Amino acid sequence: DQLSQSIQSGEYGQLALGLGVIQLCTAFEMFFDSVASFHGVNVSSADSFDVTHHSIGGTDKLGNKTLMQIRRLHLSLGVNSPMNSDEVLIKLASIIEARNCFTHAGGLVKKLKAKERLWAYRIPSTVGQPLKLNDNHLDDFLHYMAINTLSFVNNLP
């Protein structure tokens, strides 16, 4: 009965979407950890970088390890792919922010910075409220990450 109520209320679907986003981001991070390790690319907090954030105006500093690896790999290897553009990195940061809400904040959008990062992928949210994804977000995230990762891989020297 509890499971049936959870399914009918949409709570179960949100749980499944959250778990899917967590797994997708984990696989994405593991892939870039492997590529960075293979190419001897290391990053630290000093490698954080600014990106132009048109949807909120101004710039945003990205300090996620995987995003720093992506930027550093492009620079170190001379790779030219769309994945290194500010727009793509901001949208990847948005997907990672969704994962962070699920894993580090109990599913809540706790800070204005999280709300702003989520909005880069046009995910509406309210600070202090649970993050709610629509049914197609996981599929969108998967395709966005995959198409940009494939472009990166196809442009490796």
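The rules behind each value
Residues numbered from 1 in each chain as written. Predicted model: local features only at pLDDT ≥ 70, side-chain atom pairs only at ≥ 80, totals over all residues. Heavy atoms only, no water. Helix = DSSP H or I, 4+ residues; strand = E, 2+ residues; numbered from the N terminus. Buried < 20%, exposed > 50% of the residue type's maximum accessible area, 1.4 Å probe, protein only. Contact = heavy atoms within 4.5 Å. Polar contact = N/O pair within 3.5 Å; in protein donor to acceptor, adjacent residues only side chain to side chain. Expected span 1.5 Å × (residues − 1). Salt bridge = Lys/Arg side-chain N within 4 Å of Asp/Glu carboxyl O. Pairing = 2+ DSSP bridges. Axes fitted to C-alpha atoms, helices over the stretch in contact; angles between N-to-C directions. Parallel < 35°, antiparallel > 145°, perpendicular 65-115°, else oblique. Left-handed = near helix turned anticlockwise from the far one by under 90°. Nonpolar A, V, L, I, M, F, W, Y, C, P; charged D, E, K, R; others polar.

Asks: Outline the overall build of the protein chain, supporting the account with residue identities and numerical values.
Replies: Helix and strand counts for the protein chain stand at six helices and two strands. Helices and strands in the protein chain line up, N terminus first, as α-α-β-β-α-α-α-α. Considering only C-alpha atoms, the protein chain reaches an extent of 55 × 30 × 25 Å along its principal axes. By residue count, 42% of the 157 residues in the protein chain fall in the buried class. Considering only intrachain contacts with a sequence separation of at least 6, the fraction spanning at least 24 residues in the protein chain is 60%.

Asks: Please set out the side chain of serine 81 residue by residue, giving values where relevant.
Replies: Within the element layout of this structure, serine 81 appears in the loop between helix H3 (65-77) and helix H4 (86-104). A distance of 2.6 Å separates polar atoms of two side chains, one belonging to serine 81 and the other to histidine 74. The contacts of serine 81, once residues within four sequence positions are left out, are His74, Ser151, Phe152 and Asn155.

Asks: Outline the environment of tyrosine 121, supporting the account with residue identities and numerical values.
Replies: Note on placement: tyrosine 121 falls in the loop between helix H5 (112-119) and helix H6 (137-154). As for tyrosine 121 and isoleucine 70, which are separated by 51 residues in sequence, their C-alpha atoms are 19 Å apart. Contact partners of tyrosine 121, with chain neighbours within four places excluded, come to Lys91, Ser94, Ile95, His137, Asp140, Phe141 and Tyr144. Within the structure, the side chain of tyrosine 121 is placed 3.4 Å from the backbone oxygen of aspartate 140, a separation counted as a polar contact.

Asks: So, H4: which residues are in play, and what are the values?
Replies: Taking 1.5 Å per residue, 19 residues should reach 27 Å; H4 reaches 25 Å between its end C-alpha atoms and fits that length. H4 sits mainly inside the fold: 14 of its 19 residues count as buried. Taken from the residues just after H4, glycine 106 is the one with a positive phi, measuring 60°.

Asks: Can you lay out the pattern of salt bridges for me, pointing to particular residues and giving the numbers?
Replies: Tallied over the entire structure, the rule returns nine salt bridges. The shortest N-O distance in the salt bridge between arginine 117 and aspartate 60 comes to 3.0 Å. Placement of arginine 117 in helix H5 and of aspartate 60 in strand S2 (residues 59-62) is noted, with a sequence separation of 57 residues between them. We note that arginine 117, like aspartate 60, is buried.

Asks: Tell me about the pairing of strand S1 (residues 49-52), and please be specific about residues and values.
Replies: Of the two faces of S1, the one lined by Phe49 and Val51 is fully buried and the one lined by Asp50 and Thr52 carries no buried residue. Where S1 and S2 come together, four bridges link them in antiparallel fashion. Within S2, the residue paired with phenylalanine 49 across the bridge is leucine 62.

Asks: Hey, could you go over the packing of H3 against H4 for me, with residue numbers and the actual values?
Replies: The contact between H3 and H4 brings their axes to 10 Å, and the two run at 160°. Our classification of the angle between H3 and H4 gives roughly antiparallel. H4 is crossed by H3, and the crossing has right-handed handedness. Counted together, Leu67, Ile70 and Arg71 of H3 and Asp86, Leu89, Leu92, Ala93 and Ile96 of H4 form the full contact between these two elements. Its residues assigned to classes, the contact of H3 with H4 comprises six nonpolar, no polar and two charged.

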